[in-house]
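Listed below are the residues making up each chain.
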2 protein chains.
Amino acid sequence: MTHLIAIGGSDAGISAALRARELDPTTDVTVVVADEYPNFSICGIPYYFTGEVAPWQSLAHRTSADLEATGMRLRLNTFATGIDVAGQRLTVRTPDGIFEDLAYDELIVGTGALPSHAGIAGLDALTPEDGVHVIHSMGDTFALDHDLTTRQPQSAIIVGAGYVGLEMAEAFITRGMQVTQLQRGPEVLSTLDPELGALVRDELTTHGVEVVTGSTVTGIEKTPVGLTVTGTRDGQPFAQTADLVLVVVGVRPNTELLEQAGASLGAGRAVVVDEHMRTGLPHVWAAGDGIITHHRLLGATYLPLGTTSHKQGRIAGENALGGDRAFAGSVGTQVVKVFDLVAARTGLRDHEAIAAGYAAATITAAADDHKRYYPGAHPIHFRITGDTGDGRLLGAQLVGRRGTEVAKRVDTFATALYAGLTIGQFDDLDLSYTPPLGSPWDAVQLAAQAWSAANARVLV
Amino acid sequence: MTHLIAIGGSDAGISAALRARELDPTTDVTVVVADEYPNFSICGIPYYFTGEVAPWQSLAHRTSADLEATGMRLRLNTFATGIDVAGQRLTVRTPDGIFEDLAYDELIVGTGALPSHAGIAGLDALTPEDGVHVIHSMGDTFALDHDLTTRQPQSAIIVGAGYVGLEMAEAFITRGMQVTQLQRGPEVLSTLDPELGALVRDELTTHGVEVVTGSTVTGIEKTPVGLTVTGTRDGQPFAQTADLVLVVVGVRPNTELLEQAGASLGAGRAVVVDEHMRTGLPHVWAAGDGIITHHRLLGATYLPLGTTSHKQGRIAGENALGGDRAFAGSVGTQVVKVFDLVAARTGLRDHEAIAAGYAAATITAAADDHKRYYPGAHPIHFRITGDTGDGRLLGAQLVGRRGTEVAKRVDTFATALYAGLTIGQFDDLDLSYTPPLGSPWDAVQLAAQAWSAANARVLV
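Reading guide: rules and limits
Residues numbered from 1 in each chain as written. Chains lettered and ligands numbered in written order. Predicted model: local features only at pLDDT ≥ 70, side-chain atom pairs only at ≥ 80, totals over all residues. Heavy atoms only, no water. Domains from an automatic or database assignment. Contact = heavy atoms within 4.5 Å. Buried area = accessible area lost by both parts, 1.4 Å probe. Helix = DSSP H or I, 4+ residues; strand = E, 2+ residues; numbered from the N terminus. Buried < 20%, exposed > 50% of the residue type's maximum accessible area, 1.4 Å probe, protein only. Polar contact = N/O pair within 3.5 Å; in protein donor to acceptor, adjacent residues only side chain to side chain. Pairing = 2+ DSSP bridges. Axes fitted to C-alpha atoms, helices over the stretch in contact; angles between N-to-C directions. Salt bridge = Lys/Arg side-chain N within 4 Å of Asp/Glu carboxyl O. Nonpolar A, V, L, I, M, F, W, Y, C, P; charged D, E, K, R; others polar.

1. Here we look at the domain arrangement of chain A
Where interface size is given, it is often the accessible area lost as the parts come together that is meant.
Residues and elements named next belong to chain A.
Here's step 1: Here the domain parsing of chain A yields domain 1 (3-113 + 252-320), domain 2 (128-249) and domain 3 (340-454).
Here's step 2: A straight line from the C-alpha centre of domain 1 to that of domain 3 covers 34 Å.
Here's step 3: In this assembly, 4 residues from domain 1 lie in contact with 9 residues from domain 3.
Here's step 4: Approximately 530 Å² of surface area, both sides summed, lies buried where domain 1 meets domain 3, with 63% of it carried by carbon and sulfur atoms.
Here's step 5: Sorting the residues of domain 1 by area buried against domain 3 places R296, L297 and L298 first, and these three jointly supply 91% of that buried surface.

See below:
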């Protein structure tokens, strides 16, 4: 019987534990969880604040009872403090503050990431009780919920306009708050090209969000009139005050445990693992937001995503039991709903592809989600990136109204990236068509044809 | 300068003409169209009858003016009657009834298909003026429209429960008519397995359609009380009377012109072409519903679909100008909206795969379209077929509520079929996720995992 310990109650740790129990029900599996909320959907938190998800308990992918019913043991409110690699023992601090050593045959570390503070002065000293929030755990969720309920703040500054920032802007607007969104770059949602990010910004401003791009936040302080955020905007100093500040400027890998145990750091200062999720430390595996990401187009990078964590966790759980499964690699597929708009991407953008050595070219295109004669057709806006040498698809970005099936249209590109298809091969794809839901050449094919036309060699 | 003639104003002929003009604007292109409605979306006709599409002119993918603006010449109401292959001349009957010979360098035949009559006695003698209809052209559309408007029929029998039959059932119900749908097989939409077809039938009956399966129609006659359809149901004779009868029991390839010119017939008595759309007759190409279909899993078959016709037409247009493009093959991807349900399939079903020599196994699965905690989640019902030898995906069927992105989820399977992926590789696909639109393992991956689990070899 294998004694397996997984550290982390989020996607990677739970996926590893589930997979191990699924593959070999004789495996003794313990999951060490720092809080008391294992297997919660962190991606769902913004929808708790919009009021669409209630109660908060429903954010659990599985309840603790569900997890225990699979035969795993949960150690909640238990913090992993050290790994004795040679001795195959994990030291944890129990809820009672006692340190305890747990023996393992195989250890899977899924300690994830921590919110980045982006070097903002004053941020470390401010807490939810001051009205300054991050949103990365259920604890953060309860703190923000409490603040919103008790203080009834009327205005919020959101520092950052990535996925969570945009979703939280929607949540605050839904609650009737005034929202200012500060973004360092020239456009919101910097994972998209600005041409498409501008469509997302329009959606935000249409719904009342004040968007301030080109703004670098350098400090936050509590003042008599509220919380004042200071920084520079287009080189000029600026200050803005609100009742509440939410800082959502990305994450950094939480590597302390594995670093102390002797693991190496790589891209993004995340822990280096191989495609089998081996850390290089005997019997120690790792998965999730704390490790480097193998990317099919980039090699090793750092790209923390829940979908990737699920895959890596599943692989770590399998390999820890003697399996030989390799992580096939991410292509960085992502999607976000912003009010009534959906924005998605997969693969590389032009500058990313060029930086990685591809002969990239990128075009902009638009095509209706379904036949225009049928009611409710809307354009989907595309950016398509391909290699002008071999014609290979390198990436796609899509923005369309909710209901235009953008989220699953990006999956066609993601599947094509996985399979290494050329953009020309999109002409060969046998995609579904009925007038209310598509076109004889689907929008994704029309976008691909636009790239091919722009990059065609003379045929005849 | 190449003189190119395309016969047929529907998907194949127009696609060929457009492609030729696009590739080489010096090409002289004439399209011979039997009626005066080139480039109409036949798939959209049911939505004219629901009232969602108006006026009928909006069903045109492009207007005649749009087409002529590309530089092609349209010969409307002109019927191709004979091909002189050796002399490279096409004989046509003009709108004035005069026969005229047109010289060509290259000829592309896209004469499509004709409605099947399925051997129903009396059908040949009955016309739209009697209240008996087919629906395959704009002429059929006008005839039905006229009948509905002038006679105001209150009841309809639809013979057939395929795509068009189901869409027309919805249209008639929307117009307040009583609808009886007769289907030969054990379940409606026989392109799906009965397990999923039953969901479609439930949707029909919920909306008031009387569905009669297991019924073979042998005759239609005009009686004092209306139109009486007779046949057998589960071996017993039956008769049913209504004000209007619509016969939609599939199509047969319209091959007369090419047969007379010496072309060979193959699968489904359709004209044999190679992957380059060559008929074997010098300088004569063919595309669309009149020809055999190259299928990536089946080889040569007959599977008329608009999406395929567009691809074949485009290829014929390119190759007629000296190109060397091969049709990559269909995988039979299809989708239909039936009231608030969407049903899709791609690839092969179990019995089709077994008949084709694959070691097929098929499972049923269901998975939510998005995280259940977010409002509006609905299950998608799957049938997944794979090869138990090499694990290769062979087919997928999906049924879900409108809005569950079934139409574009089937495209992930279609793309995987194109690329020859195994079902196990679905675990590797980096598909998009946000709680309102998906799950960390997308529904298509959960369905694939269900197949893998049911067909797993012991791993550990």
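2. Some thoughts on the side chain of S432 of chain A
Here's step 1: Its location among the elements puts S432 of chain A in the loop between α10 (406-419) and α11 (443-454).
Here's step 2: In this structure S432 of chain A comes out as buried when scored by relative accessible area, which is 1%.
Here's step 3: Reaching out from S432 of chain A, the side chain makes a polar contact with the backbone oxygen of A407 of chain B at a distance of 2.7 Å.
Here's step 4: Those residues in contact with S432 of chain A that sit more than four places away from it in its chain are T333, Q334, V335, A407, K408, V410 and D411 of chain B.

3. A closer look at the sheet that holds strand β4 (residues 79-84) of chain A
Note: strands within a sheet are paired through backbone hydrogen bonds, in either parallel or antiparallel orientation.
All names here are of chain A.
Here's step 1: Reading across the sheet, the 3 strands line up as β4-β5-β6 and stay open at both edges, with antiparallel pairing between neighbours. Across the chains shown, the open sheet's two edge strands, defined by having one partner strand only, are β4 and β6 (99-103). Neighbour to neighbour, the strand axes of the sheet diverge by 25° on average, direction disregarded.
Here's step 2: Two elements, strand β5 (residues 89-93) and β6, share 5 bridges in a ladder whose sense is antiparallel. Bridge pairing in β6 links R89 to A103.

4. Here's the deal with the interface of chain B and chain A
Here's step 1: Facing 67 residues of chain B, the contacting portion of chain A comprises 67 residues.
Here's step 2: Carbon and sulfur atoms make up 60% of the surface buried where chain B meets chain A, a total of about 6200 Å² over both sides.
Here's step 3: Of all residues in chain B, Y373, K408 and D430 of chain B give up the largest surface area on contact with chain A, accounting jointly for 13% of the area buried on that side.
Here's step 4: At the boundary of chain B with chain A, the tally comes to 4 salt bridges.
Here's step 5: Across the pair K408 of chain A and D442 of chain B runs a salt bridge, and its minimum N-O distance is 2.8 Å.
Here's step 6: Between chain B and chain A we count 36 residue pairs in polar contact (both at pLDDT 80 or more) in total.
Here's step 7: If you list the elements that add at least two residues to the side of chain B that touches chain A, you get α8 (306-320), β21 (334-338), α10 (406-419) and α11 (443-454) of chain B.
Here's step 8: It is α10 of chain B that provides the largest number of residues to the side of chain B that touches chain A, a total of 12 residues.
Here's step 9: Among the residues making up the side of chain B that touches chain A, the classes are represented as 32 nonpolar, 18 polar and 17 charged.

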